[in-house]
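# Summary of structural features
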Amino acid sequence: MPVLSLHSPLGDITLFEEDGSIVALEWGWSSYQESSPILDKAKQQLDDYFDGKRTTFDLPLAPNGTDFQKRVWDKMLTIQSGDTLTYKEISDALKSAPRAVGGACGKNPIPIIIPCHRVLASNGGFGGYSGDGGIDTKKQLLTLEGAL
């Protein structure tokens, strides 16, 4: 499986590709590196995102998850940079429960690119964030996008 690590303002992150699609983004540096055209494109797009030159990603994604999780992740992909939705708004749209949406957010295997950081609690709180640094990282991403 091709793997590419990069430095970011949030710390080191590693991208994983399978069959021509991004399948995961994890915090940390992998000792194994094998790039590919898709991983190189993803790295460039992430660099541009962190430099404030890009607000959307144009990458083939294939996250592994349940049908429900994939529906939540697809909904998150519709949230524009600088905007947010609440867990409740997503659960209402999917005829589900906010807690189930939160669980799917926590299982998102491609954070940042699938923007689970754009999902907030209905009470104005931040909810959680599964990425390294937790809510502090979520706040950094939202600040970068101008949502805070």
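Analysis parameters
Residues numbered from 1 in each chain as written. Predicted model: local features only at pLDDT ≥ 70, side-chain atom pairs only at ≥ 80, totals over all residues. Heavy atoms only, no water. Helix = DSSP H or I, 4+ residues; strand = E, 2+ residues; numbered from the N terminus. Rg over C-alpha atoms; globule rule 2.2 N^0.38 Å. Buried < 20%, exposed > 50% of the residue type's maximum accessible area, 1.4 Å probe, protein only. Phe/Tyr/Trp six-rings, centres within 6.5 Å; stacked < 30°, edge-to-face > 60°. Axes fitted to C-alpha atoms, helices over the stretch in contact; angles between N-to-C directions. Parallel < 35°, antiparallel > 145°, perpendicular 65-115°, else oblique. Contact = heavy atoms within 4.5 Å. Nonpolar A, V, L, I, M, F, W, Y, C, P; charged D, E, K, R; others polar. Core = buried A, V, L, I, M, F, W, Y, C linked by side-chain atoms within 4.5 Å. Pairing = 2+ DSSP bridges.

### As for the overall build of the chain
Along the chain, the regular secondary structure elements total five helices and five strands. Secondary structure of the chain in N-to-C order comes out as β-β-β-α-α-β-α-α-β-α. What you see for the chain is a C-alpha radius of gyration of 15 Å, in line with the 15 Å of a compact globule of 148 residues. Dimensions along the principal axes, computed over C-alpha positions, put the chain at roughly 40 × 30 × 25 Å. Taken across its 148 residues, the chain has 45% of its residues classed as buried.

### Looking at the packing of aromatic side chains
How two aromatic rings sit relative to each other is given by the distance of their centres and the angle of their planes. Within the structure shown, the criterion is met by three aromatic pairs. With centroids separated by 5.3 Å and ring planes inclined at 70 degrees, the aromatic side chains of Y49 and F50 adopt a geometry described as edge-to-face. Classification of Y49 as buried rests on a relative accessible area of 2%. Owing to a relative accessible area of 12%, F50 belongs among the buried residues under this scheme.

### Details of the packing of helix α2 (residues 67-76) against helix α4 (residues 98-106)
It is at 9 Å that the axes of α2 and α4 come closest, and there the two elements cross at 85 degrees. Between α2 and α4, the angle falls in the class roughly perpendicular. For the pair formed by α2 and α4, the contact residues are F68, Q69, V72, W73 and M76 on the first element and A100, V101, A104 and C105 on the second. Grouping the constituent residues of the contact of α2 with α4 by class yields eight nonpolar, one polar and no charged.

### Focus on the nonpolar core
In terms of nonpolar packing, the biggest core is built from 34 residues, with L15, L25, L46, F50, M76, I112 and I113 touching the most fellow members. Those residues in contact with L46, other than ones at most four positions away along the chain, are L6, I13, L15, L25, F57, I112 and I113.

### Concerning the sheet that holds strand β1 (residues 3-6)
Strands sit in the order β1-β2-β3 across an open sheet of three strands; the sheet is antiparallel. Looking along the sheet, the strands with just one partner apiece sit at the ends: β1 and β3 (21-27). Taking each pair of neighbouring strands and ignoring which way they run, the sheet shows an average axis angle of 20 degrees. In the sheet, β1 pairs with strand β2 (residues 13-18) via four bridges, with the strands oriented antiparallel. Each residue of the ladder has a partner; that of L4, found in β2, is L15. Its contacts with the sheet put helix α1 (residues 37-50) on β1, β2 and β3, and the angle it makes with β2 is roughly 145 degrees.

### Focus: the environment of I112
Counting through the fold element by element, I112 comes out in the loop between α4 and β5 (119-120). By relative accessible area, which is 1% here, I112 ends up buried. Separated by 30 residues in the primary sequence, I112 and L142 place their C-alpha atoms 10 Å from one another. When near neighbours in sequence (up to four residues on either side) are disregarded, I112 contacts L10, L25, W27, L46, Y49, F50, F57, H117, Y129 and L141.

### Structural notes on the environment of I90
Tracing the sequence through the fold places I90 in helix α3 (residues 87-94). The spacing of I90 and V101 is 11 residues in sequence and 7.1 Å in space, taken between C-alpha atoms.

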